[in-house]
Amino acid sequence: VPPTAVPPTAVPPTAVPVPPIVGKNWLLLTYNNGQQALVSPIAGTQITALFGSDGKVTGTDSCNNYNAPYTVNGSNLQVGAPVLTGMACPDDVMTQAQNYLAALQLSYRYEVAGNELTIFNSTNVKLLQYVAQ
């Protein structure tokens, strides 16, 4: 009896793990104001970040909507320059938005613990702290 040909087995593609920051709507709790202080957003304002699986982070900086490219490699995170809508806001809100986006672009490393996301710069200074909504 001739041997039966065995069809080659398909090897399933290796699943790339989705970083834990992707797909959650993150609400900012505190941000680094550029003067080595972590401060809460101005009462009545919201700052958000949604890291999409498409390599874009989108959200509101409390004044304008933004989107920016980002890359994740392990626990490293880099965020590129954002594109903004052109709303005018009170000076204090504009300053807050500028400080937030500046901190976001300094992203170097992130940690997720439970429903909180913390982002650090390259010298391990805490830049941003969010909670998942």
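Residues numbered from 1 in each chain as written. Predicted model: local features only at pLDDT ≥ 70, side-chain atom pairs only at ≥ 80, totals over all residues. Heavy atoms only, no water.

Caption draft 1: Examining the packing of aromatic side chains more closely. For the structure on display, the rule yields two aromatic pairs. Seen in terms of ring centroids, Phe51 and Tyr70 are 5.0 Å apart; in terms of plane orientation they differ by 85°. Their pairing is edge-to-face. On the criterion of sequence distance, the pair formed by Phe51 in strand 3 (residues 48–51) and Tyr70 in strand 5 (residues 65–73) is long-range, its members being 19 residues apart. Of the two residues examined, Phe51 and Tyr70, each falls in the buried class. One Lys or Arg, Arg109, reaches over the ring of Phe120 and ends 4.2 Å from the middle of that ring. (Phe/Tyr/Trp six-rings, centres within 6.5 Å; stacked < 30°, edge-to-face > 60°. Helix = DSSP H or I, 4+ residues; strand = E, 2+ residues; numbered from the N terminus. Buried < 20%, exposed > 50% of the residue type's maximum accessible area, 1.4 Å probe, protein only. Lys NZ or Arg CZ within 6 Å of the ring centre and 35° of its normal.)

Caption draft 2: Quick look at the nonpolar core. The biggest cluster of nonpolar side chains holds 24 residues, and the ones touching the most others in it are Phe51, Tyr100, Ile119, Leu128 and Tyr130. Secondary structure elements with two or more residues in this core: strand 1 (25–32), strand 3, strand 5, strand 6 (76–79), helix 1 (91–105), strand 9 (116–120) and strand 10 (126–132). It is helix 1 that contributes the most residues to this core, four residues altogether. (Core = buried A, V, L, I, M, F, W, Y, C linked by side-chain atoms within 4.5 Å.)

Caption draft 3: Unusual backbone geometry, seen in detail. A positive phi angle, close to 90°, is found at Ser62, a residue other than glycine. Its location among the elements puts Ser62 in the loop between strand 4 (56–60) and strand 5. Phi is positive for Asn124, which is not a glycine, with a value near 70°. Here Asn124 falls in the partly exposed class, since its relative accessible area comes to 48%.

Caption draft 4: Quick look at the pairing of strand 6. Residue alternation in strand 6 divides its side chains into a buried set, Leu77 and Val79, and an unburied set, Asn76 and Gln78. Relative to strand 6, strand 5 runs antiparallel, the two being bridged by four bridges. Bridge pairing in strand 6 places Asn73 opposite Asn76. The turn joining strand 5 and strand 6, which pair antiparallel and follow one another in sequence, is formed by two residues; a positive phi near 65° is taken by Gly74. (Pairing = 2+ DSSP bridges.)

Caption draft 5: Structural view of helix 1. Taking 1.5 Å per residue, 15 residues should reach 21 Å; helix 1 reaches 21 Å between its end C-alpha atoms and fits that length. Along helix 1, the positions that sit buried rather than exposed are Val93, Gln96, Ala97, Tyr100, Leu101, Ala103 and Leu104. Taken down its axis, helix 1 places every buried residue within 160° of arc, on the same side. Every exposed residue of helix 1 that faces more than 90 degrees away from the buried side is listed here: Asp91 and Gln98. (Expected span 1.5 Å × (residues − 1). Arc of directions from axis to C-beta.)

Note that every value here comes from positions in space, so none of it alone points to a role or purpose.
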